[in-house]
Amino acid sequence: MQSRQKSSHAENTNHFIVEALQHLEYPERLQKLLLTPEREVSVELAILRDNGEVATFDAYRVQHDNSRGPYKGGLRFHPDVDIDDVRSLASLMTWKTAVMDIPFGGAKGGVTVDPSTLSERELEILTRKLVQALRPILGTYEDIPAPDMNTGAREMAWIFDEYTKFEGFSPGIVTGKPVWLHGSLGREAATGRGTVFAVRELLRALGQGEIKGKSFVIQGFGNVGAWAAQILHEQGGRVVAVSDVHSAIHNEAGLDVPSLRAHLADRHPLSSYPGGSSLPKEAILNVECDVLIPAAIGGVITEHNAHDLRCKIVVEAANGPTTPGGDDILRKRGIVCLPDIYTNGGGVTVSFFEWVQNLQNFKWSEAEVNAKLDNVMTDAFANIWELHEQDGLHLRTAAFVKALQRVTRARVHRGFD
Ligand code: NAD
């Protein structure tokens, strides 16, 4: 899904980090230290395919920074995975865990493979080979993978099992596991739920009242978009339009989100939903609303279309939805933009909760998980907002500044010997 965003994603992330570094006026040596990954591992994985032939796949794990805690980040299976891509995503994880104040560092990994070309047995062997190859650098207190593009609870269960074979019972080696296999309640909805907490905090800070009665447009109706829509709807928000990769649907009075989800669960296309009028998917960004939530792919708000947005606020649930050119225009137009490294941090936050539960061999209730997520989202927002007000920074720069300060402080206080 995110393949086309990847090279620009790396450049865009660096653009925003450099902006924050300029504000901090850190010496060049420190900048280099903060931006350079601590370890990069490349391996080649060989598997025996169902037809008896041997196939090989490149795989990577980049550990960017562990000053604040064990490395943490997803594993993706995608034909476009390469070392540059993984490097930039690993760095982003360092800043995301820091801005959320979760005691983890940042890492990312991936296998260059189109998983749709492999059978389930082949995928399982590939995943197990990946664990065997990376085992020396993984660990419950060292580096903890998670799902990412084209990997999910199934792959995480295989990772848990394979690592456990070698190292003994280790549920905390990986997060995003099935709920019935040491996963956490609340993890599936966490990123969408966190996005709604983020919206609530931003509206409050801006003095714009509550979610109830506000209108929302959501691009992308997958895990993040659909959960955000559901929870906004439950809280009295009016979700006036949503889109997926094929089309968009609009209803000025507000879509009935539960019935829309049921419609899609029955494998009907979005465009055939009877409770709204169908739009071309490109039109989603131009629908008038209070809050626009990109929750699909990167690079969708650019210098070419940011002038046409008809929202007051952009809340970035997707990774990297706004390019630097698009961001400039939003700033000039006075459209407030809540950045991805904070908005979608609910996912890694509940991954942290899963890890904590695994270490304790204990299970929290869903209500407990959601309440703790609320606290983390609320505190992280308060820190970003404070910097925004004190230093007159845009919210994105404030988020990166906060993250860079936290990582630097940990590095400096641990010493350099
Ligand atoms: P998903 O695959 O479940 O859903 C993606 C949705 O976007 C689908 O509805 C798909 O049809 C739609 N989509 C794809 N291409 C599109 C396009 N060109 N135009 C419009 N819609 C398009 O993915 P997800 O897990 O919901 O992730 C969405 C975004 O959130 C991604 O950017 C992801 O990196 C980010 N994110 C997800 C999590 C998580 O916990 N799932 C955590 C952090 C960040």
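Residues numbered from 1 in each chain as written. Predicted model: local features only at pLDDT ≥ 70, side-chain atom pairs only at ≥ 80, totals over all residues. Heavy atoms only, no water.

### So, the pattern of salt bridges
Turning to step 1, where the next piece is worked out: The final tally for this structure, using the stated rule, is 30 salt bridges.
Turning to step 2, where the next piece is worked out: Note that Arg-61 and Asp-143 form a salt bridge whose closest N and O atoms lie 2.6 Å from each other. Of this pair, Arg-61 sits in strand β2 (residues 54-65) while Asp-143 sits in strand β5 (residues 143-147), placing them 82 residues apart in sequence.
Turning to step 3, where the next piece is worked out: Asp-143 sits in the buried class, given a relative accessible area of 0%.
Turning to step 4, where the next piece is worked out: For Arg-396, the salt bridge is made with Glu-316, and the minimal N-O distance between the two is 2.8 Å. (Salt bridge = Lys/Arg side-chain N within 4 Å of Asp/Glu carboxyl O. Helix = DSSP H or I, 4+ residues; strand = E, 2+ residues; numbered from the N terminus. Buried < 20%, exposed > 50% of the residue type's maximum accessible area, 1.4 Å probe, protein only.)

### Re unusual backbone geometry
Turning to step 1, where the next piece is worked out: Located in the positive-phi region is Asp-101, a residue other than glycine, with phi close to 60 degrees.
Turning to step 2, where the next piece is worked out: On the accessibility criterion, Asp-101 (47% relative accessible area) is partly exposed.
Turning to step 3, where the next piece is worked out: One non-glycine residue, Arg-267, lies in positive phi territory at about 65 degrees.
Turning to step 4, where the next piece is worked out: Following the sequence through the fold, Arg-267 ends up in the loop between α8 (257-265) and β9 (277-280).

### Here we look at the UniProt feature "site: Important for catalysis" (unreviewed entry) in the protein
Turning to step 1, where the next piece is worked out: In this structure's numbering, the residues bearing the UniProt feature "site: Important for catalysis" (unreviewed entry) are Asp-148.
Turning to step 2, where the next piece is worked out: Beyond its immediate stretch of four places on either side in the chain, Asp-148 contacts Gly-74, Leu-75, Arg-76 and Lys-108.
Turning to step 3, where the next piece is worked out: Looking at Asp-148, its side chain comes within polar contact range of the side chain of Lys-108, at 2.8 Å. (UniProt positions renumbered as here; feature names shortened; annotations may be inferred. Contact = heavy atoms within 4.5 Å. Polar contact = N/O pair within 3.5 Å; in protein donor to acceptor, adjacent residues only side chain to side chain.)

### Quick look at the confidence of the model for the protein
Turning to step 1, where the next piece is worked out: With 98% of its residues at a pLDDT of at least 70, the protein reaches an overall mean of 95.
Turning to step 2, where the next piece is worked out: Here residues 1-7 is a poorly scored stretch, pLDDT under 50, and it has 14 contacts once near neighbours within four places are set aside; other chains count. (pLDDT = per-residue confidence, 0-100.)

### As for the side chain of Gln-63
Turning to step 1, where the next piece is worked out: Tracing the backbone shows Gln-63 in strand β2.
Turning to step 2, where the next piece is worked out: Overall, Gln-63 belongs to the buried group, its relative accessible area being 0%.
Turning to step 3, where the next piece is worked out: Aside from chain neighbours lying at most four places away, what touches Gln-63 is Pro-37, Glu-38, Arg-39, Tyr-71, Gly-106, Ala-107, Ile-137 and Asp-143.

### Remarks on the UniProt feature "binding site: substrate" (unreviewed entry) in the protein
Turning to step 1, where the next piece is worked out: UniProt annotation of "binding site: substrate" (unreviewed entry) refers to Lys-72, Lys-96 and Ser-351 when read in the numbering used here. Taking the farthest pair of C-alpha atoms as the criterion, the annotated set spanning 280 residues converges on one region, since that pair is 12.7 Å apart.
Turning to step 2, where the next piece is worked out: One can find Lys-96 in helix α3 (residues 83-100).
Turning to step 3, where the next piece is worked out: Non-local contacts of Lys-96, meaning those with residues more than four positions away in its chain, are made with Asn-319, Asp-340, Ile-341, Asn-344, Gly-345 and Val-348.
Turning to step 4, where the next piece is worked out: Tracing the chain through its elements places Ser-351 in helix α11 (residues 346-360).
Turning to step 5, where the next piece is worked out: Apart from residues no more than four positions distant in its own chain, Ser-351 is found in contact with Lys-72, Thr-175 and Arg-187.

### Examining helix α4 (residues 120-134)
Turning to step 1, where the next piece is worked out: Counted at 1.5 Å a residue, the expected span for α4 with its 15 residues is 21 Å, and the 21 Å between its end C-alpha atoms agrees.
Turning to step 2, where the next piece is worked out: Buried within α4 we find Glu-122, Leu-123, Leu-126, Thr-127, Arg-128, Leu-130, Val-131 and Leu-134.
Turning to step 3, where the next piece is worked out: Taken together, the buried residues of α4 touch β1 (39-48), β2, β3 (71-78), β4 (106-112) and α5 (153-167). (Expected span 1.5 Å × (residues − 1).)

### Here's the deal with the pairing of β4
Turning to step 1, where the next piece is worked out: Counting buried positions over the seven residues of β4 gives six, a clear majority of the element.
Turning to step 2, where the next piece is worked out: Pairing of β2 with β4, which is carried by six bridges, proceeds in the antiparallel orientation. Each bridged residue has a counterpart across the sheet, and for Gln-63 the counterpart in β4 is Ala-107.
Turning to step 3, where the next piece is worked out: Inspection of the sheet shows β3 paired to β4 by four bridges, in the parallel sense. Residue pairing for β4: Phe-77 is matched across the bridge by Val-111.
Turning to step 4, where the next piece is worked out: Crossover handedness for the path β3 to α3 to β4: right-handed. (Pairing = 2+ DSSP bridges. Right-handed = clockwise from strand over helix to strand, strands pointing away.)

### Structural notes on a nonpolar patch on the surface
Turning to step 1, where the next piece is worked out: Together, Leu-33, Val-412 and Phe-416 make up a nonpolar patch on the protein surface, roughly 270 Å² of accessible area in all.
Turning to step 2, where the next piece is worked out: Tracing the backbone shows Phe-416 in the segment after α13 (395-414).
Turning to step 3, where the next piece is worked out: Judged by relative accessible area, Phe-416 falls into the exposed class, the value being 55%. (Patch = residues over 30% accessible without salt bridge, like charges linked within 9 Å, V, L, I, M, F, W, Y side chains within 5 Å. Areas by Shrake-Rupley, 256 points an atom, 1.4 Å probe, with all protein chains shown as cover.)

### Structural notes on the packing of aromatic side chains
Turning to step 1, where the next piece is worked out: In this structure the tally under the stated criterion is nine aromatic pairs.
Turning to step 2, where the next piece is worked out: Plain terms: the ring middles of Phe-104 and Trp-355 are 5.0 Å apart, the flat faces sit at 65 degrees to each other, and that makes the pair edge-to-face. On the criterion of sequence distance, the pair formed by Phe-104 in the loop between α3 and β4 and Trp-355 in helix α11 is long-range, its members being 251 residues apart. Each of the two residues, Phe-104 as well as Trp-355, counts as buried. (Phe/Tyr/Trp six-rings, centres within 6.5 Å; stacked < 30°, edge-to-face > 60°.)

### Quick notes on the sheet that holds β1
Turning to step 1, where the next piece is worked out: Taken in spatial order, the five strands line up as β1-β2-β4-β3-β5 in an open sheet, and their pairing is mixed. Two strands bound the open sheet, and with one partner strand each, they are β1 and β5. Direction aside, neighbouring strands of the sheet carry axes that sit 25 degrees apart on average.
Turning to step 2, where the next piece is worked out: Note that β3 and β5 share five bridges and pair parallel. The partner of Leu-75 across the bridge, within β5, is Pro-147. (Axes fitted to C-alpha atoms, helices over the stretch in contact; angles between N-to-C directions.)

### So, the pairing of strand β10 (residues 291-294)
Turning to step 1, where the next piece is worked out: A two-sided burial pattern is seen for β10, the buried positions comprising Val-291 and Ile-293 on one face and Leu-292 and Pro-294 on the other.
Turning to step 2, where the next piece is worked out: Here strand β6 (residues 215-219) runs beside β10; their pairing, made up of four bridges, is parallel. Looking at β10, one finds that Val-217 is bridged to Leu-292.
Turning to step 3, where the next piece is worked out: Pairing analysis gives two bridges linking β10 to strand β11 (residues 313-315), with the strands arranged parallel. In the strand pairing of β11, Val-291 is matched with Ile-313.

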